[in-house]
Amino acid sequence: MATNSQSSHTTTLISKLQTTASNSQNIEHDEATRATLLQLSRELTASLQAPDEGGAFMCVRLADELRLFDLLCEQSPRTTVSLAEISGAEHGLVVRVLRTLAGMGFVAQLDSGEYGPTAVTRQMTMRSVRAGDKFFHEESLPSVRQAPEYFRQNGRRLPRSMTDGPYQFAEGTGDDPFTWMSKKPGAMENFNVFMQGLFGTPARLGWSDWYPVKEQVLDGFDATKGEFCFVDVGGGKGHECETLLRKYPDMKGKLVTQDLPFVIDDIQDLDPRVEKMNHDFTKPQPIKGARAYFLQNILHNWATSVCETILANLKSAMVPGYSKLLIGNIVLADTDVPLRQSLLDISMLVLHSGQQRSRSEFTELLEGAGFKVVKIWVPPGDGDGIVEAEVV
Ligand SMILES: Nc1ncnc2c1ncn2[C@@H]1O[C@H](CSCC[C@H]([NH3+])C(=O)O)[C@@H](O)[C@H]1O
């Protein structure tokens, strides 16, 4: 039974939720309010929940493999009998998975034996969201399971190398995660689909939706300094270059996505205005004098010593007073870190022996590498920031 102090905590959370919601004009398009409501509702759930609820990951993965999310979005209501027939799974399995997913809000139970979609069901049909769930299940979960044993064996110390952390311990390899995934059929391709859509979820804005790209970058392009405007370093399949071109079709200067050969050589269907280039960012940057070098979701993957090498290689290509370094990454606050961000810090720890960094950690890293921070931009809510820097 709930104690008095527990129930007053629950009551306080409910009234905070109500106040926050009633102070917002449009909850769905107000990221700060959305993030606050999400955090409060998590606390509310935790205050009401008994600590014996598990099994969620498997149900989501299985439902995706059985295409239950697609089937419910295509037609609703659907009976568990018809879902079992179409998916080929035993009826009892479909019933048990769906009633669990309904408890999590992933599907809606409409009647006994009948289900329909929720907003989460619709998100689960997006290609990148599905790829993210698959990546989580296949690449993260084994390391998550093995991480406590890894820490037991290494004296509970943070890993210092990207080739000798919980991921390598779980997978039995000495490769870094990208090299290892490139050897597993389909794994790197799935990872790239996941990254392509990471910021296109309906809940969160992409960086170019809130950062003033035109004013800070595009307007200042000067072809006499270099022919490139935007160099996406470790840019994967070029999705950020394409987003910029969609938003600013008349932008001046060239764009390029740089990545390792197993990513670049696999690119199809890229906007022809985006160049693709094999480049290892631990080696000197071949494109000199670009207006902007973009490092999104890169530095959190690496130990500080490797980040210093990546930054040194960029510094020597940049023109002081002209070229900008834009680091697209979570920037941790000192207090009240949103759960999304702290969990992604733990993911980086477990998968890459990496870390998310705070404002002061980014500033120290950049100043040590010969840069000055122009401004650290952060969007409302729990989205990633942009650390804007120049060479000194
Ligand atoms: N040494 C390296 N040089 C260049 N790219 C690398 C290297 N190691 C890993 N990568 C790439 O770093 C990327 C990290 S994922 C980030 C992709 C993209 N910037 C985005 O934000 O969506 C992957 O595409 C990797 O293939």
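All of these numbers come straight from a predicted model, not from anything done at the bench. (Residues numbered from 1 in each chain as written. Predicted model: local features only at pLDDT ≥ 70, side-chain atom pairs only at ≥ 80, totals over all residues. Heavy atoms only, no water.)

A. Fine view of the site of the ligand. In the vicinity of the ligand lie 19 residues, with Gly234, His239, Asp259, Asp280 and Gln296 positioned nearest. One of the side-chain N or O atoms of histidine 239 is found 2.8 Å from an oxygen atom in the ligand. Interatomic distance of 3.0 Å between a side-chain N/O atom of asparagine 297 and an oxygen atom of the ligand. For the ligand, whose accessible area on its own is 570 Å², the fraction buried by protein is 97%. Considered class by class, the residues forming the shell around the ligand number nine nonpolar, eight polar and two charged. (Near = heavy atom within 4 Å. Polar contact = N/O pair within 3.5 Å; in protein donor to acceptor, adjacent residues only side chain to side chain. Areas by Shrake-Rupley, 256 points an atom, 1.4 Å probe, with all protein chains shown as cover. Nonpolar A, V, L, I, M, F, W, Y, C, P; charged D, E, K, R; others polar.)

B. Broad picture of the UniProt feature "domain: O-methyltransferase C-terminal" (unreviewed entry) in the protein. When the UniProt feature table is mapped onto this chain numbering, "domain: O-methyltransferase C-terminal" (unreviewed entry) sits at residues 208-372. Strand forms 21% of residues 208-372 and helix 34%; the C-alpha atoms that close the span are 22 Å apart. (UniProt positions renumbered as here; feature names shortened; annotations may be inferred. Helix = DSSP H or I, 4+ residues; strand = E, 2+ residues; numbered from the N terminus.)

C. Looking closely at the UniProt feature "domain: O-methyltransferase dimerisation" (unreviewed entry) in the protein. Sites flagged by UniProt as "domain: O-methyltransferase dimerisation" (unreviewed entry) map to residues 57-123. Split by type, residues 57-123 is 63% helix and 16% strand. Its first and last C-alpha atoms lie 16 Å apart.

D. Structural context of the pattern of salt bridges. For the coordinates displayed, the defined rule picks out 24 salt bridges. With a closest N to O distance of 3.0 Å, aspartate 64 and arginine 61 form a salt bridge. Taken together, the positions of aspartate 64 and arginine 61, both in helix H3 (residues 56-65) and three residues apart, correspond to about one turn of that helix. Of the two residues examined, aspartate 64 and arginine 61, each falls in the buried class. Of the charged contacts in the structure, one is a salt bridge between arginine 78 and glutamate 74, with a shortest N-O distance of 3.8 Å. (Salt bridge = Lys/Arg side-chain N within 4 Å of Asp/Glu carboxyl O. Buried < 20%, exposed > 50% of the residue type's maximum accessible area, 1.4 Å probe, protein only.)

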